[in-house]
Structures are given as C-alpha cells and as structure tokens.
Amino acid sequence: GQSLEQPSEVTAVEGAIVQINCTYQTSGFYGLSWYQQHDGGAPTFLSYNGLDGLEETGRFSSFLSRSDSYGYLLLQELQMKDSASYFCAVHNQGGKLIFGQGTELSVKP
Amino acid sequence: GAVVSQHPSWVICKSGTSVKIECRSLDFQATTMFWYRQFPKQSLMLMATSNEGSKATYEQGVEKDKFLINHASLTLSTLTVTSAHPEDSSFYICSAPDWGGRGDTQYFGPGTRLTVL
C-alpha cells in the first residue's frame, strides 16, 4: 500500500520558523509536492521537489531526500495568515497525487 | 498560473436525487482531470481520473455507477453523484495538471460543497 506520515498539528509564534516533516512509502514515486489549505478553501500549490535537495520560494522552502523517503516544508517568518492545513502529496504515475493526512499549523501572536 | 473553475460552489439536495458538478480548465487544455473528495478535518482522497475521450478510471473502493464521470471536452469534466445519500455529503474538488506548462503542478478548482439532506 501507499502511506504518507506527517504530524497532525504544529503550533508556533509569529516570526518563528517551523518545519513540517513528511515520510512516505509509495510505489511509482515521481516527486513530492506541498499544498496549503485554509478552512473551507481548495488546496493551493506551494512547492514541488522532483529531485533531492532544497527548493526555495520566498518564505517557503521544501526539501526532499529520495533515498530516505523523506521531505519537509520549512516556513520562515511566520505570519498569522499562515495558519492553515499543510499537505504533502506524492506524485504517482499519470499525474495522480496521493495526499498525506495534513498538518494543522496554528500561528500565535 | 492556470485556472480551474468548478460549478456549483455549493449544493444542497434531497436524498435520492442526482447532482452534477462541473470542472473546467479556463486557460489551458486538460486531457486529464482528477476528482477528489474531502470529509471535514480529513485529507483529500483521490476518487477517479477523468480522461478526455476515454472512460474514467476509479480508485479502489469508489463505486463507478454511483459517481459518473464524463470528460466531455478538453476543458470540461463532470462528476455526477447519482442517488445521493447523506453519507455522500462532502467537499468535492477537481484538479488538472497543465502538461503544457510545468507538468508537476496541478491546479485545483475551488471545490463544491455537497450537502445531502
């Protein structure tokens, strides 16, 4: 079967840095994406890693180690608006996305 | 970035009726679209892959006769929930990869919230 593990919830304060880890066990791995979802909204794309290493996009960075079946999303200079659910998702053959259970991030003042 | 729309954004229906949800790619062609379902506080679960010009492929455990998918054109896929029941109440979301652009990015529609009474 396929499974992705990520923490269910994380709490941090404004201005801090938080890392959300994701470990996966899947077949046909083509890459790892991260999505943000606010309550009642649709997922919005944050980052993609197809190869090992770090991808940086503004305050957000994502890392992948294929040999360890592990990735993380790093959020810097946290803002209140970053409070949301964050999902890692494995890319399967044909473009299918298999999502993790999501990490609920709460940013406190 | 590419835009995917869904209609309706929410719908309330009586048990036993059928509901059709549309998913459109507005500025790119989508030969493939995906349909997801999300229950409150849960993850997105892939239901099926919608293929233009051929039958949809369903994930294990998803009833193809209950969730009818039609990929009518290169920009439109529809999901019909037939004989809906309260347990079908959920957030239904479609997505489409823009293979012409950065193929690793999928664009999600805004979702359709279905409530079955």
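Residues numbered from 1 in each chain as written. Chains lettered and ligands numbered in written order. Predicted model: local features only at pLDDT ≥ 70, side-chain atom pairs only at ≥ 80, totals over all residues. Heavy atoms only, no water.

Participant: Quick question: what am I supposed to make of the side chain of T80 of chain B here?
Facilitator: Its location among the elements puts T80 of chain B in strand β8 (residues 76-81). Residue contacts for T80 of chain B: discarding those within four places in its chain leaves S18, V19, K20, K66, F67 and L68 of chain B. (Helix = DSSP H or I, 4+ residues; strand = E, 2+ residues; numbered from the N terminus. Contact = heavy atoms within 4.5 Å.)

Participant: Would you mind showing me how to read the interface of chain A and chain B here?
Facilitator: Interfaces are frequently sized by the accessible area removed from exposure as the parts join. Counting residues at the interface gives 20 residues for chain A, matched by 21 residues for chain B. For the chain A and chain B pair, buried surface summed over both sides reaches about 1,600 Å², with 55% attributable to carbon and sulfur atoms. Three residues stand out in chain A for area buried against chain B, namely P43, K96 and F99 of chain A, and they jointly supply 26% of the buried area on that side. Applying the counting criterion to the chain A and chain B interface returns one salt bridge. Here E59 of chain B and K96 of chain A are joined by a salt bridge, their closest N and O atoms 2.8 Å apart. (Buried area = accessible area lost by both parts, 1.4 Å probe. Salt bridge = Lys/Arg side-chain N within 4 Å of Asp/Glu carboxyl O.)

Participant: Hey, could you run me through the sheet that holds strand β1 (residues 4-7) of chain B in this one?
Facilitator: In any sheet, the strands associate via hydrogen bonds between backbone groups, in a parallel or an antiparallel arrangement. Residues and elements named next belong to chain B. Strand order in the open sheet formed by four strands is β1-β3-β8-β7, with antiparallel pairing between adjacent strands. A strand with exactly one partner marks an edge of an open sheet, and here the two such strands are β1 and β7 (67-73). Looking at each pair of strands side by side, their axes are set apart by 20° on average, direction ignored. The pairing of strand β3 (residues 19-25) with β8 spans six bridges and is antiparallel. Counterpart to E22 in the pairing with β8 is T78. (Pairing = 2+ DSSP bridges. Axes fitted to C-alpha atoms, helices over the stretch in contact; angles between N-to-C directions.)

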